[in-house]
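# Observations on the three-dimensional arrangement
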Amino acid sequence: MTADAPRICCLDLDTFFVSVERLLDPSLEGKPVIVGGVPGQRGVVTACSYEVRALGVRSGMSLTEAVKLAPDAIYLPGRDREYGRYSARVVAIAHTFSPLVRTASIDELFMDFRGCERLYHRAGDAHADATIERVVRELTAGIAAEVGLPASAGIATSKPMAKVACGLAKPRGVLLVAAGCEASTLAPLPVRKLPGIGPVAERRLSELGIMTLGQLAATPVRTLEPIFGAYAKALRERARGLGDWDMGRDRPAFREHDPDGEVLGSISNERTFMADVRDAPKIEGILCSLCERVCWRARRRGVKARTLTLKLRYADFETLTRSRTFAPSASERDVLPVLKALYREARQRKRAIRLLGVALSNLVLDEQLELFPADRELRASVDSLRERFGFDAVRLGSSLK
DNA sequence: TCTGGGGTCCTAGGACCC
DNA sequence: TCTGGGGTCCTAGGACCC
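One structure accompanies this document, and this report is about it.

What counts and how
- Residues numbered from 1 in each chain as written.
- Chains lettered and ligands numbered in written order.
- Predicted model: local features only at pLDDT ≥ 70, side-chain atom pairs only at ≥ 80, totals over all residues.
- Heavy atoms only, no water.
- Near = heavy atom within 4 Å.
- Polar contact = N/O pair within 3.5 Å; in protein donor to acceptor, adjacent residues only side chain to side chain.
- Helix = DSSP H or I, 4+ residues; strand = E, 2+ residues; numbered from the N terminus.
- Nonpolar A, V, L, I, M, F, W, Y, C, P; charged D, E, K, R; others polar.
- Salt bridge = Lys/Arg side-chain N within 4 Å of Asp/Glu carboxyl O.
- Buried < 20%, exposed > 50% of the residue type's maximum accessible area, 1.4 Å probe, protein only.
- Phe/Tyr/Trp six-rings, centres within 6.5 Å; stacked < 30°, edge-to-face > 60°.
- Lys NZ or Arg CZ within 6 Å of the ring centre and 35° of its normal.
- Arc of directions from axis to C-beta.

### A word on the protein's contact with DNA strand C
Neighbouring residues of DNA strand C: 20 residues in total, closest Asp107, Lys163, Gly196, Ser323 and Thr325. Near-protein atoms of DNA strand C (within 4 Å) split between backbone and bases, with sugar and phosphate holding 100%. Separating a phosphate oxygen of DNA strand C from a backbone N or O atom of Gly198 is a distance of 3.1 Å. When residues of the surface near DNA strand C are traced back to their parent elements, those giving at least two are α9 (199-207) and β11 (319-329). Of the residues forming the surface near DNA strand C, the biggest block, 6 residues, is contributed by β11. Here the residues of the surface near DNA strand C are counted per class, giving 7 nonpolar, 6 polar and 7 charged.

### So, the side chain of Glu332
Mapped onto the fold, Glu332 is located in helix α14 (residues 332-346). A polar contact is formed between the side chain of Glu332 and the side chain of Arg299, at a distance of 3.3 Å.

### Points about the pattern of salt bridges
In total, this model carries 24 salt bridges according to the counting rule given. Measuring nitrogen to oxygen at the nearest pair gives 2.9 Å for the salt bridge that ties Arg137 to Glu133. Highlighted residues: Arg137 and Glu133, both in helix α6 (residues 128-146), separated by 4 residues, approximately one helical turn. Overall, Arg137 belongs to the partly exposed group, its relative accessible area being 40%. Measuring nitrogen to oxygen at the nearest pair gives 3.2 Å for the salt bridge that ties Glu270 to Lys311. Separated by 41 residues along the polypeptide, Glu270 in strand β9 (residues 267-277) and Lys311 in strand β10 (residues 303-314) bring together distant segments of the chain. Among the ionic contacts, a cluster of salt bridges with common partners joins Arg122, Asp125, Arg134 and Glu138.

### Some words on the packing of aromatic side chains
Enumeration over the complete set of coordinates arrives at 4 aromatic pairs. An angle of 65 degrees between the planes, with centres 6.4 Å apart, marks the rings of Phe113 and Tyr120 as edge-to-face. We classify Phe113 as buried; its relative accessible area is 0%. Judged by its relative accessible area of 18%, Tyr120 is buried. In this structure an aromatic cluster arises from ring pairing among Phe16, Phe17 and Tyr83. The side chain of Lys159 reaches across the aromatic face of Phe110, ending 4.8 Å from its centre. When the ring centre of Trp296 is taken as reference, the NZ or CZ atom of Arg300 above it lies at 4.5 Å.

### Brief notes about helix α12 (residues 232-239)
Taken together, the buried positions of α12 are Ala232, Leu235, Arg236 and Ala239. Looking down the long axis of α12, one finds its buried residues gathered within 100 degrees of arc, a one-sided arrangement. Note on α12: the residue one or two positions beyond its end, Gly241, has a positive phi of about 85 degrees.

### Here's the deal with unusual backbone geometry
Put simply, Lys170 and Pro171 share a cis peptide bond, and its omega is -10 degrees. By the secondary structure assignment, Pro171 is in the loop between α7 (159-169) and β8 (174-176). Of note in the backbone geometry, Lys350 takes a positive phi value of approximately 85 degrees without being a glycine. Here Lys350 is to be found in the loop between α14 and β12 (353-365). We classify Lys350 as exposed; its relative accessible area is 75%.

Laid out in structure tokens, this is it:
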């Protein structure tokens, strides 16, 4: 099912992290910039400027590979707090244009302009589609003028189609796909361009000789079912531009609680070590610090967790998870013993560890604080310091190396 | 020194209850 | 003694997104 006219807008900030770094340091303008880490670190490219894309660098690429292609680029570690601040300013501007805004990620949001045509209509507009396109251009211009960030937008009858259109519009462009033109717009594109088709699906489709979305749209559902199961029909509809227009939910950081007190989403932190680790006390310390971090984030969100998951990646990249469910808590006092028990059960001595991660899920609204009073007082002051200065401003003794 | 870190969603099997 | 379902919760893993 789709909206009957192109009124769903996908807005995406171009090379977002790089653009923010350039606002904070204008001398980076026009230079090759890579955000994600500095050479020698373990990491991947999270964002890169068009100057290094010309050299073949892509986001998601390992830092070592990027260094080979662009040894002279400027490498930056990234600073999430700043990115979050700029993102929030863009979201605020979007809200002044449409009552229905959904954040999809830190640099991408969807807007629904259905019912807004008359509100925005001007004498010069040829038709309602032209009105919406003009308004979206005003939106991207407003973001450029007020925040200084370049943005692109796609407008279509469904979310997936709007997202693809946004990709086609980059950089700094706006593209409206008129109702009825979806299939022909998608047909020549490689299957990988469709949201929901990743590297695995791309490979399996290519084994069937299906390379383009036009070919996918013409493939019988029967043929696709072995690969995609129950998802096959919806995926083929999507390839025809008929995807869902349901606006869905905000990402967790912006999301309100459900009325029944249940909270969706999860809170996780993980860390890959500069060098693989065997040292037991060091591992204990890291687990402790990860535990503190997720518990602190849960308290800040006003939730408790019922499920804890430990993630463990060995040096050979083999990855496993172990989880346990318990009475709702956001206190290290409860969570840390569970985490340590999971680790004791999961670890294989002698194998070096590359990554440790901790996730809280099965979240519920924290209605009453039921902590030991002394504990609560200490933690309240720790949390308030962190509110002002960031998580690392205060560390508990147990997580210090 | 190939392969980060934050997420969402889906599947599938087993336990357990009625 | 043999052999049912349906429903829900828990756990593990994997694809995908930015």
